[in-house]
Amino acid sequence: VAYIPSMSRDDSYSRLVLWLKVTLPLLALAILSTLFLVAETLDPEAAIPYAEVDVEQILLEQGVTRPEFSGVTEDGVTVSVAAEAIRPTGAEYRGTDLSVKMTLPAGGVVDVDSPEGTFDIIGESALLSGGVRLRSTSGYDVATEALRAGWGVATLESGGPVDAVGPAGSLNAGRMSLAPNDDGTGHVLVFKDGVRLIYRPGA
C-alpha cells in the first residue's frame, strides 16, 4: 500500500503568502492607474488670472480698523475722533462710521456722527458726509447732509441746509457753524441763511 502524504498547513500558508505577494501589488497598481485616469485635468491657462495681482491697489486698500485718536486745538478744544475703519485714498483718508467729539474749554460737549467721511491731514479738517447728526450739551440736535470739521482751530460748518431741535423749539436754516466767538472767550453755535424757527414755549 503506497502512502500518499497529505498537504500540510505550512504548505498552504506558503502558497497563500506567495499569491498575496503577486496579487496585492497588481491591485495597488490598478487602483493607482484609475486615480490618474479620473483625476481632473489641469488647465495651465486657468492659473493666469490668479497671478495678476495689482500691488498698488492692495497698498491703497490697507488701512486701520477701529482707530481712535485725540488732540487739543489751538483754541483749547479737545477733539476726539473714532472710526470703524480708515483707508488712504490718494492724498486723503476715507473713513466709515465716524464719531467726532469736541469738548469745549467752558465745559460744553459737541458730538458728531456720520456714516462716512474724508480726512485732509494737511488741511487739518474732515468732511463728514452721508447724513450727519450733531448733538450738544446745550440742548441742540441737528441733522444735515454734510459737515466740515476743523481741528487747527475748532470749527464745524455745514455744507447746506440743516434741521434742528433746540431749547426754543425746532428750526430750519440754510447753514450752521460752530466757531470761536469774536472776543475769544468761548464758542458759539450759529444758524444762518434763512432761519425759520417754530417756537415752543417751555420746550
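As the structure is a computational prediction, the values presented were derived from the model and not from experiment.

If you had to explain the overall build of the protein chain to someone new, which residues and values would you point to?
For the protein chain, the helix and strand inventory stands at 3 helices and 16 strands. Relative to its full complement of 203 residues, the protein chain shows a buried share of 25%. Put simply, of all contacts in the protein chain between residues at least 6 apart along the chain, 35% involve residues at least 24 apart. When the accessible surface of the protein chain is split by element, carbon and sulfur atoms take 59% of a total near 13900 Å².

Run through the environment of Ser70, naming residues and quoting values.
Within the element layout of this structure, Ser70 appears in strand β2 (residues 68–72). A residue is classified by how much of its surface remains accessible, and Ser70, at 56% relative accessible area, is exposed. Each C-alpha atom of the pair Ser70 and Val100 lies 9.5 Å from the other, and the pair is 30 residues apart in sequence. Setting aside chain neighbours within four positions, we find Ser70 in contact with Val79 and Ser80.

Run through the packing of aromatic side chains, naming residues and quoting values.
How two aromatic rings sit relative to each other is given by the distance of their centres and the angle of their planes. Taken as a whole, this structure holds 3 aromatic pairs when the rule is applied. Note on Phe69 and Phe119: the rings are 6.4 Å apart at their centroids and 65 degrees apart in plane angle, and the pair reads as edge-to-face. Of this pair, Phe69 sits in strand β2 while Phe119 sits in strand β6 (residues 109–120), placing them 50 residues apart in sequence. When its relative accessible area of 40% is taken as the criterion, Phe69 is described as partly exposed. Judged by its relative accessible area of 4%, Phe119 is buried. With a centroid separation of 5.5 Å and an interplanar angle of 40 degrees, the aromatic rings of Tyr140 and Phe191 are classed as tilted. Residue Tyr140 is found in the loop between β8 (132–136) and β9 (141–144), and its partner Phe191 is found in strand β15 (residues 187–192); the two are separated by 51 residues along the sequence. A relative accessible area of 24% means that Tyr140 is categorised as partly exposed. The buried category is assigned to Phe191, whose relative accessible area is 16%. Linked through ring pairs, Phe69, Phe119 and Trp151 together constitute an aromatic cluster.

Tell me about the nonpolar core, residues and numbers included.
Counting 28 residues, the largest nonpolar core has Met102, Val112, Leu134, Leu156 and Phe191 as the members making the most contacts within it. Leaving out residues up to four positions away in the same chain, Leu156 has contacts with Met102, Val110, Val112, Leu134, Leu147, Arg148, Ala149, Met176, Ser177 and Leu178.

So what about the confidence of the model for the protein chain? Which residues, and what values?
On average, the protein chain scores 79 in pLDDT, and the residues at 70 or more come to 68%. Every residue in residues 1–7 scores below 50 in pLDDT, and together they form 2 contacts with partners more than four places removed in sequence or on other chains.

Report on the pattern of salt bridges, specifying residues and quantitative values.
One pass over the structure, following the stated rule, counts 5 salt bridges. A salt bridge links Asp193 to Arg175; the nearest nitrogen and oxygen atoms lie 3.1 Å apart. Within this pair, whereas Asp193 is found in the loop between β15 and β16 (196–199), its partner Arg175 is found in strand β14 (residues 175–180), the two being separated by 18 residues in sequence. Judged by relative accessible area, which is 31%, Arg175 ranks as partly exposed. Through salt bridges with shared partners, a single network forms among Glu157, Arg175 and Asp193.

So, unusual backbone geometry: which residues are in play, and what are the values?
A positive phi is found at Glu124, a non-glycine position, where the angle reads about 50 degrees. Inspection of the secondary structure assignment puts Glu124 in the loop between β6 and β7 (125–129).

Please provide a residue-by-residue account of the pairing of β7, values included.
The buried count for β7 comes to 4 of 5 residues, which makes it a mostly enclosed element. Pairing analysis gives 5 bridges linking β6 to β7, with the strands arranged antiparallel. Residue pairing in the sheet places Thr118 in a bridge with Leu127 of β7. Connecting the antiparallel pair β6 and β7 is a turn made up of 4 residues, with Glu124 showing a positive phi of about 50 degrees.

Describe the pairing of β15, listing the residues and the values that go with them.
Examined bridge by bridge, β14 and β15 share 6 bridges and lie antiparallel to one another. Paired with Pro180 across the strands is His187, a residue of β15. Hairpin geometry of β14 and β15 is characterised by an intervening segment of 6 residues between the two adjacent antiparallel strands and by a positive phi of about 70 degrees at Gly184.

So, how was this worked out
- All residue numbers refer to position in the chain's written sequence, counted from 1.
- Local features in this predicted model are restricted to residues whose pLDDT is 70 or higher, and side-chain atom pairs enter the listing and the counts only when it is 80 or higher, whereas totals over whole chains, interfaces and linings include all residues.
- Side-chain numbers come from the whole structure's heavy atoms, not from hydrogens or water.
- Helix and strand labels come from DSSP, where a helix needs a run of H or I of at least four residues and a strand needs a run of E of at least two; each type is numbered from the N terminus.
- Buried means the residue's accessible area, taken with a 1.4 Å probe over protein chains only, is under 20% of the maximum for its type, while exposed means over 50%, and partly exposed covers the values in between.
- Working rule for contacts: check all heavy atoms of both residues, and any pair within 4.5 Å makes them a contact.
- Here the accessible surface of atoms and residues is derived via Shrake-Rupley with a 1.4 Å probe, and residues count as covered only by protein chains that are part of the display.
- The aromatic pairing rule takes the rings of Phe, Tyr and Trp, using the six-membered ring of Trp, and pairs them if the centres are within 6.5 Å, calling planes under 30 degrees apart stacked, those over 60 edge-to-face and the rest tilted.
- Definition used in this section: a nonpolar core is a set of buried Ala, Val, Leu, Ile, Met, Phe, Trp, Tyr and Cys residues joined via side-chain atoms within 4.5 Å.
- pLDDT is defined as a per-residue confidence score from the predictor, taking values between 0 and 100.
- Between Lys or Arg on one side and Asp or Glu on the other, a salt bridge is scored when a side-chain nitrogen of the former is within 4 Å of a carboxyl oxygen of the latter.
- Strand pairing is assigned whenever DSSP identifies at least 2 bridges connecting the two strands.

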